[in-house]
Amino acid sequence: MVGASSSWSRALVQISPYTFAAIGIAIAIGVSVLGAAWGIYITGSSLIGASIKAPRITSKNLISVIFCEAVAIYGVIVAIILQTKLESVPASQIYEPESLRAGYAIFASGIIVGFANLVCGLCVGIIGSSCALSDAQNSSLFVKILVIEIFGSALGLFGVIVGIIMSAQATWPSKI
């Protein structure tokens, strides 16, 4: 069992930090867009169904779809920020601890942002769905549920903040 763990640690150290960074950036944008799409799917299907009973809700409940779309924008913004953290490093320094730490920091930041936005997209989608359904029944509930939806959308911002803080650790070795 000891040999297996050392082979895993050896494998992780021998993978290029640029590979980890690229995967982190891809996860940040890809999973964020997945969360947004899932939220739009949940909200949109309920909105269309509820608008059969009360057609007046269609235009004002589009705000829920916009909140879901903001989740994808969070992922795009963080992916751009993470992309700017990449720097060229000489081949002799690519496996230095500082390079590995930078690659792992960008990777971890991308995972945090991507999955926080996935959960945020689901949260906003479910709340948007219930907002559309309850607005069709009682129009006085729209603003009350919209406030809850804003709090759900803040989850994605928390993920973005944590991702930016984590990516601050990504410093590559200086060129010699």
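About the criteria used
Residues numbered from 1 in each chain as written. Predicted model: local features only at pLDDT ≥ 70, side-chain atom pairs only at ≥ 80, totals over all residues. Heavy atoms only, no water. UniProt positions renumbered as here; feature names shortened; annotations may be inferred. Helix = DSSP H or I, 4+ residues; strand = E, 2+ residues; numbered from the N terminus. Rg over C-alpha atoms; globule rule 2.2 N^0.38 Å. Buried < 20%, exposed > 50% of the residue type's maximum accessible area, 1.4 Å probe, protein only. Contact = heavy atoms within 4.5 Å. Areas by Shrake-Rupley, 256 points an atom, 1.4 Å probe, with all protein chains shown as cover. Patch = residues over 30% accessible without salt bridge, like charges linked within 9 Å, V, L, I, M, F, W, Y side chains within 5 Å. Salt bridge = Lys/Arg side-chain N within 4 Å of Asp/Glu carboxyl O. Expected span 1.5 Å × (residues − 1). Axes fitted to C-alpha atoms, helices over the stretch in contact; angles between N-to-C directions. Parallel < 35°, antiparallel > 145°, perpendicular 65-115°, else oblique. Nonpolar A, V, L, I, M, F, W, Y, C, P; charged D, E, K, R; others polar.

- The name given to the protein chain in an unreviewed UniProt entry is V-ATPase proteolipid subunit C-like domain-containing protein, with the source organism recorded as Escallonia herrerae.
- Turning to the protein chain, the UniProt annotation filed under Function (unreviewed entry) states: "Proton-conducting pore forming subunit of the membrane integral V0 complex of vacuolar ATPase. V-ATPase is responsible for acidifying a variety of intracellular compartments in eukaryotic cells."

Points about the overall build of the protein chain
Working step 1: In terms of helices and strands, the protein chain carries six helices and zero strands.
Working step 2: When the helices and strands of the protein chain are placed in sequence order, the string is α-α-α-α-α-α.
Working step 3: For a compact globule of 176 residues, the expected C-alpha radius of gyration is about 16 Å, and the protein chain comes in at 21 Å, more than 25% above that figure.
Working step 4: Here the C-alpha coordinates of the protein chain stretch approximately 65 × 40 × 20 Å along the principal axes.
Working step 5: The 176 residues of the protein chain split such that 43% are buried.
Working step 6: A separation of at least 24 residues holds for 89% of the contacts in the protein chain among residues at least 6 apart in sequence.
Working step 7: With an accessible surface of roughly 9,100 Å², the protein chain has 75% of that area assigned to carbon and sulfur atoms.

Regarding a nonpolar patch on the surface
Working step 1: A cluster of nonpolar side chains, Leu 12, Val 13, Ile 15 and Tyr 104, forms an exposed patch at the surface whose accessible area comes to about 300 Å².
Working step 2: Within the secondary structure, Tyr 104 sits in helix H5 (residues 97-137).

With respect to helix H6 (residues 142-167)
Working step 1: Helix length check: H6 (26 residues) gives 38 Å between terminal C-alpha atoms against 38 Å at 1.5 Å per residue, within 8%.
Working step 2: Among all positions in H6, only Phe 142, Ile 145, Leu 146, Glu 149, Gly 152, Ser 153, Ala 154, Gly 156, Gly 159, Val 160, Gly 163 and Ser 167 are buried.
Working step 3: On the buried face of H6, the contacting elements are helix H3 (57-60), helix H4 (62-85) and H5.

Observations concerning the UniProt feature "transmembrane region" (unreviewed entry) in the protein chain
Working step 1: UniProt feature "transmembrane region" (unreviewed entry): in the numbering of this structure it lies at residues 20-41, 62-82, 102-129 and 141-166.
Working step 2: End C-alpha to end C-alpha, residues 20-41 measures 31 Å, and it is 100% helix and 0% strand.
Working step 3: With 100% helix and 0% strand, residues 62-82 has its two end C-alpha atoms placed 31 Å apart.

Considering the side chain of Ser 46
Working step 1: Residue placement: Ser 46 occurs in helix H2 (residues 17-53).
Working step 2: Given a relative accessible area of 13%, Ser 46 falls into the buried group.
Working step 3: In this structure, Ser 46 is in contact with Ser 129, Ala 132 and Leu 133, ignoring residues within four places of it in sequence.

Brief notes about the packing of H2 against H4
The relative placement of two packed helices comes down to the angle between their axes together with the axis-to-axis distance.
Working step 1: Contact pair H2 / H4: the axes reach a minimum separation of 8 Å and the direction vectors enclose 175°. Taken together, H2 and H4 sit at an angle that is classed as roughly antiparallel. Contacts from Ile 25, Ala 28, Ile 29, Ser 32, Val 33, Ala 36, Gly 39, Ile 40, Thr 43 and Leu 47 in H2 reach Leu 62, Ser 64, Val 65, Cys 68, Glu 69, Val 71, Ala 72, Gly 75, Val 76, Ala 79, Leu 82 and Gln 83 in H4.
Working step 2: A breakdown of the residues in the contact of H2 with H4 according to their chemical character gives 15 nonpolar, six polar and one charged.

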